[in-house]
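Coordinate analysis (summary)
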Amino acid sequence: MKIKKNIALSESGFVFDPSTGDSFTTNPIGLEIITMLKEGKSRGEIKSAITKKYNVDGATFEKDSYDFINMLDKHNLTESYEKEKN
Amino acid sequence: MRKKKINVAVTGLNNIDSPGPGIPVIRALKESKVFDVRIVGLSYEALEPGIYMHELVDKTYQIPLPSAGKASLMERLQYIHSVEKIDVIIPNFDAELFNFITLSDKLKKELNINVFVPTLAQFEDRHKANLSAYGKKHKIKVPYGKVIFSAASIPSLVSEFTYPMVVKGKFYDAYIAYNQEQAHTYFNKISAKWGLPIIIQEFVTGQEVNVTALGDGKGNTIGAVPMRKQYITDKGKAWSGISIEDENLMAMTKQLIKSTKWKGGMELEIIKTVKGDYYLLEINPRFPAWVYLAVGCGQNHPDALVQLALGKPVKPFKKYDIGKMFIRYSYDMIVSLKEFETISTLGEL
């Protein structure tokens, strides 16, 4: 799972997709996850970083991150969407 | 650098809820780095807001409706030119373009007025009614379409189309018909306003994207900026939009301009499907009302058009800002009755 390369992220949590003109806002944890995805980190690495930093157990993170990443996919922000399309 | 003073006449001063491109074009020209532009407005009705926007429009003249024909238009332009010494005319309505295109040589020869518009062949070829053939000729995907002249043809459409289908007027208006009854209603509604024929088009779903572009008439794209509408009015017009990055869309635009040797401003209306296919819905043979977004993105298309019209070499724009937005607003001007009286009775203000 990778975020499309051209997606613009701002520190405020504003996400902009220049190819569609769509924009979204995310909370600070969502921003951290998208940033890590953009850096090419694996889901395991992201899970480890988030569970270490915040008071959340692995199972809860798995469930929530699954929903979140599905949402990114649904909004065409991921490369898996790009591949599927082509 | 000292800017050259020129007089440019512009139509489309109807800056209303379904706006003409005149005022955005004028705003672009006022920002020219090459010209010091005096604007002569050309209006059809006394309530076109641009007539009263004196900070943008220096003088306005009423001109005859396109249906009056080109002889009466020429006569009126001769009079206006005798007063204003017009260098360039930028027509901004589809319905008036035929007259301006067919008069362009005469205007140049007799009055030395420059009009940088598509050729008659370019203008006729891209008519909605000819879109299918146009797509084949220029190797561009277009939705399947058919021209009909009578509502009696609607029932038999089911052999070629499935509902929903798009019912379009030859100049303006388009509705999505979900059944035969709606197709009949829209046929009558559109034909009563814009006449026949009516175009029936396959309904292609996806994201609508638009491009404002300028061709130099030799196959080169001088500028192109793609936009996605963010807020659409009940009349289907963009109230806000954002410039986007789309290499495929730019390639399609450049290919079309190269293949057609398009001369002048244009707007492409395109549907991008989920699969990533691009279908051309329409070519508007003039700048769109959102052309000022291109200026905001670093490409002043109206200014470049005026330079081309005056025979100056123009280098193609190489880039534009992505993620720039436009948001329209409405504004109530207070106008004295005297001004309304003057334009209504004397035909100039």
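Everything quoted here is computed from the prediction, not taken from an experiment. (Residues numbered from 1 in each chain as written. Chains lettered and ligands numbered in written order. Predicted model: local features only at pLDDT ≥ 70, side-chain atom pairs only at ≥ 80, totals over all residues. Heavy atoms only, no water.)

1. With respect to the overall build of chain A
From N to C terminus, chain A includes four helices and three strands. Taken from N to C terminus, the helices and strands of chain A fall in the order β-β-β-α-α-α-α. Taken against the 2.2 N^0.38 rule, which gives 12 Å for 86 residues, the C-alpha radius of gyration of chain A at 13 Å falls within 12% of a compact globule. When its C-alpha atoms are laid out on the principal axes, chain A stretches across 35 × 30 × 20 Å. Counting every position in chain A, which comprises 86 residues, the buried fraction comes to 35%. Considering only contacts within chain A whose residues lie at least 6 apart along the sequence, 42% involve residues at least 24 apart. In the form shown here, chain A has an accessible surface area of approximately 5,200 Å², with 52% of it arising from carbon and sulfur atoms. Side chains of chain A carry 13 positive and 14 negative charges; the gap between the two charge centres is 3 Å. (Helix = DSSP H or I, 4+ residues; strand = E, 2+ residues; numbered from the N terminus. Rg over C-alpha atoms; globule rule 2.2 N^0.38 Å. Buried < 20%, exposed > 50% of the residue type's maximum accessible area, 1.4 Å probe, protein only. Contact = heavy atoms within 4.5 Å. Areas by Shrake-Rupley, 256 points an atom, 1.4 Å probe, with all protein chains shown as cover. Lys, Arg positive; Asp, Glu negative; His and termini not counted. Charge placed at Lys NZ, Arg CZ, Asp CG, Glu CD.)

2. So, the domain arrangement of chain B
What the domain assignment lists for chain B is domain 1 (4–115 + 332–346) and domain 2 (144–202). Centre-to-centre, using C-alpha coordinates, domain 1 of chain B lies 34 Å away from domain 2 of chain B. (Domains from an automatic or database assignment.)

3. Quick notes on helix H1 (residues 22–30) of chain B
All names here are of chain B. Where burial is concerned, most of H1 is hidden: seven out of the nine residues are buried. All buried positions along H1 are accounted for by Gly 22, Ile 23, Pro 24, Val 25, Ile 26, Ala 28 and Leu 29. Considering only its buried residues, H1 is in contact with strand S1 (4–10), strand S2 (35–43), strand S4 (88–90), helix H8 (292–296) and helix H9 (301–309).

4. Some remarks on the sheet that holds S1(B)
Residue and element names in this part refer to chain B. Read from one edge to the other, the open sheet built from four strands follows the order S3-S2-S1-S4, with strand pairing classed as parallel. Because the sheet does not close on itself, it has two edges, and the strands there are strand S3 (59–62) and S4. Looking at each pair of strands side by side, their axes are set apart by 30° on average, direction ignored. As paired strands, S1 and S2 are joined by seven bridges and run parallel to one another. The partner of Ile 6 across the bridge, within S2, is Val 37. Its contacts with the sheet put helix H2 (residues 70–84) on S1, S2, S3 and S4, and the angle it makes with S3 is roughly 160°. (Pairing = 2+ DSSP bridges. Axes fitted to C-alpha atoms, helices over the stretch in contact; angles between N-to-C directions.)

5. Some details on the packing of aromatic side chains
All names here are of chain B. Taken as a whole and judged by the stated rule, the model has five aromatic pairs over all chains. Between Tyr 61 and Tyr 79, the aromatic rings sit 6.3 Å apart at their centres with planes inclined by 75°, giving edge-to-face as the arrangement. You can see Tyr 61 sitting in strand S3 and its partner Tyr 79 sitting in helix H2, a full 18 residues away along the chain. With a relative accessible area of 0%, Tyr 61 lands in the buried category. On the accessibility criterion, Tyr 79 (35% relative accessible area) is partly exposed. Centre to centre, the rings of Tyr 329 and Tyr 331 are 6.3 Å apart; their planes meet at 85°, and the pair counts as edge-to-face. Each member of the pair, Tyr 329 as well as Tyr 331, is classed as exposed. (Phe/Tyr/Trp six-rings, centres within 6.5 Å; stacked < 30°, edge-to-face > 60°.)

6. Section: a nonpolar patch on the surface
A cluster of nonpolar side chains, namely Leu47(B), Leu337(B) and Phe340(B), defines an oily patch on the protein surface of about 340 Å² accessible area. Positionally, Leu47(B) belongs in the loop between S2 and S3. (Patch = residues over 30% accessible without salt bridge, like charges linked within 9 Å, V, L, I, M, F, W, Y side chains within 5 Å. Salt bridge = Lys/Arg side-chain N within 4 Å of Asp/Glu carboxyl O.)

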